[in-house]
Structure formats: C-alpha cells, structure tokens
Amino acid sequence: MLFLLAAEGGESDHNPIIPIWQEIVVGTVAFAVLCFVLMKFVFPRMEQTFQARVDAIEGGIKRAEAAQAEANQLLEQYRAQLAEARTDAAKIRDDARADAEGIRQDILAKAREESDRVIQAGKDALAAERATIVRELRAEVGTIAVDLASKIVGESLADEARRKGTVDRFLSGLESTGAR
C-alpha cells in the first residue's frame, strides 16, 4: 500500500523534509498498537519480574540479617558458656588445691603423731633400759663394794641381809651426794 501511495504522488512534488501524511498515520497506528501491546503484556510482566527480584533481594538481605543476628546470639552464648567453664575450672582448681592442702595437713599431723609416738616409745624404752641397767649396776656395785669392804675390813660380809642393807645405805648416800 505504501508503494501505491508513493507512486501516485510522484517524486517531484514531494518535500524531503516533511513526511507523507499517510506514513504518519500508519506510523502512529503502529506506534499505538506497539504501545498497547507493551503496556498490556510486556510492562506488567517486567514489573512482576522486577518486583520478584526486589523481593528476593530484600528477602535475602532480611535472611542474612536474621542469620547474622542468630550467629551473634550463638556467639554470645558460646562466650557465656566459655566464661562459665573457665569459672568452673578455676573453682575446681581452687577446690583441688584446698583439698590437697587439707590432705597435706592431715598427713603432716599423722606424721607428727607417729613421730611423737615413736619418740615417746623410745623414751619409755630408754627409761626402762636405764632402770634395768641401774638395777643391774646396783647389784654389781653392791657385790663389788662388799668384796672390797671385806678385803679392807678383813671380815666377811657374807650375811645377805646385812650386806644388802649396807649396800643400799651406801648407794643412797651416793645418790644424795650426787643430787647436791
């Protein structure tokens, strides 16, 4: 149809700057149809796609913020648990030190008691041994003293009762002299 219109008008009376009015009408109708199709079908579809993309981005940001908040909360919980564990470990360590000190004190007290018991038993044994030695020495000293006195005096001090009385008096005298 455009060819026919172009052939009728001829080429000579046509101004190249001003378009032919039939082309303007056809162009306007085609533009109107194109705009109608774009506004009716394409733009709503593009708006839906754009809105879905915006929702996805905003949803992703919200999910990321929620995940970040949850991660921060978990981090705080872990820090609190770690602090609690450190506190518990310090308490256990202090309790163990206190228990060890108590056990050490108990062992030292038992060792002191055992040492005191051994020393006392040694003292008792030493006193008993001393008493035994003193008895034996008294008997020996008495016999030696009687023999010596018999030799010096020239008479026999064979009478046991007399001899024992003399020896006891002599030793008592020595003890009283030694005590001064």
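Residues numbered from 1 in each chain as written. Predicted model: local features only at pLDDT ≥ 70, side-chain atom pairs only at ≥ 80, totals over all residues. Heavy atoms only, no water.

If you look the chain up in an unreviewed UniProt entry, it shows as ATP synthase subunit b from Micromonospora noduli. Reading the Sequence similarities (unreviewed entry) entry of the UniProt record for the chain gives the comment "Belongs to the ATPase B chain family." You can read under Subcellular location (unreviewed entry) in the UniProt record for the chain the words "Cell membrane". (UniProt positions renumbered as here; feature names shortened; annotations may be inferred.)

Trainee: Kindly report on the overall build of the chain, identifying the contributing residues and their values.
Mentor: The helix and strand inventory of the chain stands at three helices and zero strands. Taken from the N to the C terminus, the helices and strands of the chain come in the order α-α-α. The proportion of buried residues among the 180 residues of the chain is 4%. Per element, the accessible surface of the chain, about 15,600 Å² overall, is 63% carbon and sulfur. (Helix = DSSP H or I, 4+ residues; strand = E, 2+ residues; numbered from the N terminus. Buried < 20%, exposed > 50% of the residue type's maximum accessible area, 1.4 Å probe, protein only. Areas by Shrake-Rupley, 256 points an atom, 1.4 Å probe, with all protein chains shown as cover.)

Trainee: Describe the pattern of salt bridges, naming the residues involved and giving the relevant values.
Mentor: Side chains bearing opposite charge may pair, as long as their charged atoms lie close to each other. Scanning the model with the defined rule gives five salt bridges in all. For R97, the salt bridge goes to D94, with nearest N and O atoms at 3.9 Å. Remark: D94 and R97 occur in helix α2 (residues 21-153); sequence separation between them is three residues, near one turn of the helix. A relative accessible area of 53% means that R97 is categorised as exposed. Among the ionic pairs, E114 bridges to R117, the shortest N-O distance being 2.3 Å. (Salt bridge = Lys/Arg side-chain N within 4 Å of Asp/Glu carboxyl O.)

Trainee: Go over the UniProt feature "coiled-coil region" (unreviewed entry) in the chain, please, and point to the residues and values.
Mentor: Residues annotated by UniProt as "coiled-coil region" (unreviewed entry) correspond here to residues 57-95. Between the first and last C-alpha atoms of residues 57-95 the distance is 56 Å; the span itself is 100% helix and 0% strand.

Trainee: Which residues make up the confidence of the model for the chain, and what values do they have?
Mentor: The share of residues in the chain with pLDDT of 70 or more is 86%, and the mean pLDDT across the chain is 84. Between residues 1-7, whose pLDDT stays under 50, and residues either more than four places distant or in other chains, the model counts two contacts. (pLDDT = per-residue confidence, 0-100. Contact = heavy atoms within 4.5 Å.)

Trainee: Which residues make up the UniProt feature "transmembrane region" (unreviewed entry) in the chain, and what values do they have?
Mentor: Sites flagged by UniProt as "transmembrane region" (unreviewed entry) map to residues 20-43. Helix makes up 96% of residues 20-43 and strand 0%. Its end C-alpha atoms lie 32 Å apart.

Trainee: How would you sum up α2? Please name residues and give values.
Mentor: Each α-helix winds once per 3.6 residues, and so residues spaced three or four apart point in a common direction. For α2, spanning 133 residues, the distance from its first C-alpha to its last is 187 Å, which sits close to the expected 198 Å at 1.5 Å a residue. The sharpest bend along α2 comes to roughly 40°, located at M39. Those residues of α2 lying buried are Q22, G59, G142, V146 and S150. (Expected span 1.5 Å × (residues − 1). Bend = angle between axes of the 7 residues up to and from the residue.)

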